[in-house]
Amino acid sequence: MANRRLAPASEQPESFAFTPENADWAEGQIAKYPEGRQASAVIPLLWKAQEQHGGWLPQKAIEAVADQLGMPHIRVLEVATFYTMFALEPVGRYWIQVCGTVPCDVCGARDLKKILHDRLGPSGHVDPDGNFSWLEVECLGACCNAPMVQINQDYYEDLTPESLGTLMDDLAAGRPVRKGSQTGRISSEPKDAVTTLKDETLFDGSRVGAWRKRFEEQDRKDGDAGNEAKAKAEAAGSAQAAAADPKPARPDAGRPIESGSVDTPAQRAAGGQEPANPQGDAGRGDRATVVEPKTGPEERGTPQSGRSYTKTPSKPEEGRPVAETKGSTPESGAEPIASPGKTDGTQAKPVGVDPADKGPPGPIGR
Ligand code: FES
């Protein structure tokens, strides 16, 4: 890669200004960008200035573009020296930019550079006839058709040293030349025999159909799985709802009363029927349960379990036996029991009981 320097002062023009036609074009380019972003038009304006000045950018053109865009000169100079599309020195009538990046290099770009050097001398110089100058540049984006060169605005691809020499001869002589691939291939199609992408199904749509069918099957599977998951989720939701709102347990709260399916003596007695086994317990006065049919409010208190039931008095006035007073609990109004007073530690105490142990700790009484 050649150094990117401005041409010597002897080559520089005294001034530069766009032609009226190019000035209008430049204004149109600047108007594409919002207010305050006019600097975005720097590359189009530099390109037009280079075109107007015979294919290369003098220092005065760079400064004129900077002034028009309100940019410091150095900022525009940085742009012009960065991109090899801007020639900073005079070029021949045909400016040859030869790609030297890896794909072109491995396909023969070195041979192209050699023939250019042999015919034109070092890069960056115009040949004595003023027809050609050349420069090695980085990838120009036509790697599939390497090696290649750009001459002025056009690409010439699939070159060999011989075809490049012929091309230069034709250009110098003013003969028509073929742009693009010099071997006749169209665009970047395979260079020789087709070895890849030969399967017809790639192009007849059947593969797309297979893929579409596969996606449809997957969608159907996903749908089935989704329905199953939805059913599980609904079942889980029902279980949660049942737990959160349990059914009433008492009959009078709404629980259905089960019909008596067990034929028990109590049920038969309640219904005024004879015991099912008159020779059994019912015939034994010591074991038989005497149940009298009940009516009225007490009937509602009868359990539904079907077991025999005999009401037991719960109050002394109803006949509940009263136990004799035991222990040391004083009765109301009685004299308190005398305290045994202090002990000397010799009294018998329960085995395993530590008199110092006051019981388990607790929030009260400690
Ligand atoms: S490497 Fe030469 S055009 Fe891309």
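Let me begin by describing the structure that accompanies this report. Please read all numbers here as calculations on a predicted model, not as lab measurements. (Residues numbered from 1 in each chain as written. Predicted model: local features only at pLDDT ≥ 70, side-chain atom pairs only at ≥ 80, totals over all residues. Heavy atoms only, no water.)

1. Some points on the overall build of the chain
Which entries qualify depends on this criterion: Helix and strand assignments follow DSSP, with helices taken as H or I runs no shorter than four residues and strands as E runs no shorter than two, numbered in order from the N terminus. Each residue is assigned to one of three classes by its accessible area relative to the maximum for its type, calculated with a 1.4 Å probe on protein chains only: buried under 20%, partly exposed between the two thresholds, exposed over 50%. Any two residues whose heavy atoms approach within 4.5 Å at even a single point are treated as in contact. Computed with the Shrake-Rupley method and a 1.4 Å probe, the accessible areas treat only the protein chains shown as cover for residues.
Helix and strand counts for the chain come out as 8 helices and 5 strands. Listing every helix and strand of the chain by position from the N terminus yields α-α-α-α-β-α-β-β-β-α-β-α-α. Residues classed as buried in the chain amount to 24% of the 366 residues present. Taking as baseline every contact in the chain between residues at least 6 positions apart, the subset at least 24 positions apart corresponds to 59%. Per element, the accessible surface of the chain, about 26300 Å² overall, is 53% carbon and sulfur.

2. Examining helix α2 (residues 42-52)
Regarding α2, the residues found buried are V42, L45, L46, K48, A49 and Q50. Phi turns positive, to about 85°, at G54, one or two residues after α2.

3. Quick notes on the pattern of salt bridges
Keep this limit in mind: What makes a salt bridge here is a side-chain nitrogen of Lys or Arg within 4 Å of a carboxyl oxygen of Asp or Glu, nothing more.
Tallying each qualifying case throughout the model produces 11 salt bridges. For the salt bridge of K114 with D118, the shortest nitrogen-to-oxygen distance reads 3.1 Å. Residue K114 and its partner D118 are both found in helix α5 (residues 102-120); the two are separated by 4 residues, about one turn of the helix. One exposure class covers both K114 and D118, and it is exposed. R185 is the partner of D158 in a salt bridge, and the nearest nitrogen-oxygen pair spans 2.7 Å.

4. So, the nonpolar core
Put simply, the rule reads: Side-chain atoms within 4.5 Å link the members of a nonpolar core, which is a set of buried Ala, Val, Leu, Ile, Met, Phe, Trp, Tyr and Cys residues.
Core analysis: the largest hydrophobic core is formed by 21 residues, its most contacted members being L45, L46, L57, V65, L69 and V76. Those elements that place two or more of their residues in this core are α1 (20-30), α2, α3 (59-69) and α4 (73-82). A total of 5 residues in this core trace back to one element, the largest contributor, which is α3. With residues up to four places along the chain from it excluded, the contact list for V76 reads V42, L46, I62, V65, A66 and M71.

5. Regarding the pairing of strand β1 (residues 94-99)
Filter applied, for reference: Following DSSP output, two strands are said to pair if at least two bridges run between them. By convention, a crossover is right-handed whenever its connection, traced from the first strand over the helix to the second and viewed with the strands pointing away, goes clockwise.
Burial within β1 is extensive, with 6 of its 6 residues counted as buried. Relative to strand β2 (residues 132-137), β1 runs parallel, the two sharing 6 bridges. Paired with V98 across the bridge in β2 is E136. Handedness of the β-α-β unit built from β1, α5 and β2 comes out right-handed. Note that β1 and strand β3 (residues 149-151) share 3 bridges and pair antiparallel. Looking at β3, one finds that I96 is bridged to I151.

6. Observations concerning the sheet that holds β1
Ordered in space as β2-β1-β3-β4-β5, the 5 strands form an open sheet in which the pairing is mixed. The open sheet is flanked by β2 and β5 (180-181), the only strands paired with a single partner. Relative to strand β4 (residues 154-157), β3 is paired through 3 bridges, and the arrangement is antiparallel. Looking at the pairing, Q150 lines up with Y155 of β4.

7. Here we look at unusual backbone geometry
The linkage connecting A146 with the following residue, P147, adopts the cis geometry, with an omega of -5°. With respect to the secondary-structure elements, P147 resides in the loop between β2 and β3. Positive phi is not limited to glycine here, since D158 has a value of about 50°. Of note, D158 is situated in the loop between β4 and α6 (161-173). With a relative accessible area of 5%, D158 lands in the buried category. At S187, a position not held by glycine, the phi torsion is positive, near 50°. Looking at the element boundaries, S187 is found in the loop between β5 and α7 (206-244). S187 gets classed as exposed once you look at its relative accessible area, which sits at 58%.

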